[in-house]
Amino acid sequence: MLDSSEIEALFPVVSGDITLRLFNLGDINDRYVNWLNDPEVVKYSNQRFKKHTVGTCVDYYHSFADSEGIFLAIIASTGLMLGTVTIYCDSQHETADIGLMIGDTMQWGKGYGARAWGVVLNLLSHDACVRKVTGGTLDCNYGMIKIMRGSGMQEDGVRRAQNIINGRAHDVLYFCVLR
């Protein structure tokens, strides 16, 4: 996997109307914390079970310092942060798992998530130490399913009736791309 100096050298990455850059402490503000506490934004995420504060977000940010993970901000051409991407790497298994959140609900459906996902997938496909990239989502999260399928990822497994949303059990679908 890439070390921290190699990661820093990769970013920012500009792709059309978005920029992916390393998330920084300055990104933790009321707007960001409100995304994490917005039931609509986190309705498919286990983040919906937590109460987020600036302090919990700072702790989460610092959790990346001594890990193989990468925490990115998705920035619009206007300079406004739209969301985040997390990449959890495992050098022993040569894998990377991607997570995505578009927190600004006014920007949903405009393709920002798909573009950010594609940029990250492309970067990871050029990392000689990553042989498999994964992602997962609930079967009712049609936007994420469309992003993963649209990026060329293949179905990699299902955990049947794994999570409860609005009183109903849903499958967790996993996707991957192998180098």
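Structure: above.
Below, the structure is looked at part by part.

Cut-offs used in this document
- Residues numbered from 1 in each chain as written.
- Predicted model: local features only at pLDDT ≥ 70, side-chain atom pairs only at ≥ 80, totals over all residues.
- Heavy atoms only, no water.
- Helix = DSSP H or I, 4+ residues; strand = E, 2+ residues; numbered from the N terminus.
- Rg over C-alpha atoms; globule rule 2.2 N^0.38 Å.
- Buried < 20%, exposed > 50% of the residue type's maximum accessible area, 1.4 Å probe, protein only.
- Areas by Shrake-Rupley, 256 points an atom, 1.4 Å probe, with all protein chains shown as cover.
- Arc of directions from axis to C-beta.
- Contact = heavy atoms within 4.5 Å.
- Polar contact = N/O pair within 3.5 Å; in protein donor to acceptor, adjacent residues only side chain to side chain.
- Pairing = 2+ DSSP bridges.
- Axes fitted to C-alpha atoms, helices over the stretch in contact; angles between N-to-C directions.
- Parallel < 35°, antiparallel > 145°, perpendicular 65-115°, else oblique.
- Left-handed = near helix turned anticlockwise from the far one by under 90°.
- Nonpolar A, V, L, I, M, F, W, Y, C, P; charged D, E, K, R; others polar.

1. A closer look at the overall build of the chain
At step 1: Counting its regular elements, the chain contains five helices and eight strands.
At step 2: Across the chain, helices and strands are ordered from the amino to the carboxyl terminus as α-β-β-α-α-β-β-β-α-β-α-β-β.
At step 3: Computed over its C-alpha atoms, the radius of gyration of the chain comes to 16 Å, within 12% of the 16 Å expected for a compact globule of 179 residues.
At step 4: A principal-axis box enclosing the C-alpha atoms of the chain has dimensions of 45 × 35 × 30 Å.
At step 5: Looking at the chain residue by residue over its 179 residues, the buried ones come to 40%.
At step 6: Carbon and sulfur atoms make up 51% of the accessible area of the chain, which totals about 9,700 Å².

2. So, helix H2 (residues 30–37)
At step 1: Among all positions of H2, only Tyr 32, Val 33, Trp 35 and Leu 36 are buried. Projection of H2 onto a plane perpendicular to its axis shows the buried side chains occupying an angular sector of 150°, all on one side.
At step 2: Where the residues of H2 are buried, they touch helix H3 (54–62), strand S3 (70–76), strand S4 (81–90) and strand S5 (95–102).
At step 3: The N-cap of H2, judged by a side-chain oxygen 3.1 Å from the amide nitrogen of Arg 31 a few residues on, is Asn 29.

3. Thoughts on the environment of Ala 73
At step 1: Structurally, Ala 73 can be placed in strand S3.
At step 2: Once the C-alpha coordinates of Ala 73 and Asp 17 are considered, the two residues, 56 residues apart in sequence, prove to be 14 Å apart.
At step 3: For Ala 73, the residues in contact, after removing those within four places along its chain, are Thr 19, Leu 20, Arg 21, Leu 22, Phe 23, Asp 27, Met 81 and Gly 83.

4. Re the pairing of S5
At step 1: Here eight bridges tie S4 to S5, and the two strands are oriented antiparallel to one another. Bridging from a neighbouring strand, Asp 90 pairs with Thr 95 of S5.
At step 2: Two strands pair when backbone bridges link them, and S5 and strand S6 (residues 132–138) are joined in this way by three bridges, in the parallel orientation. Its bridge partner being in S6, Thr 95 is matched across the sheet by Lys 132.

5. Remarks on the packing of helix H4 (residues 112–125) against helix H5 (residues 142–150)
At step 1: Two elements in contact, H4 and H5, have axes whose closest approach is 10 Å; the angle formed by their N-to-C orientations is 40°. The angle between H4 and H5 places the two elements in the oblique class. Viewed along their axes, H4 and H5 form a crossing whose handedness is right-handed. Residues Gly 113, Ala 114 and Trp 117 of H4 lie in contact with H5, whose contacting residues are Met 144, Ile 147 and Met 148.
At step 2: Class assignment of the residues belonging to the contact of H4 with H5 gives a composition of five nonpolar, one polar and no charged.

So yeah, pure geometry; function would need other evidence.
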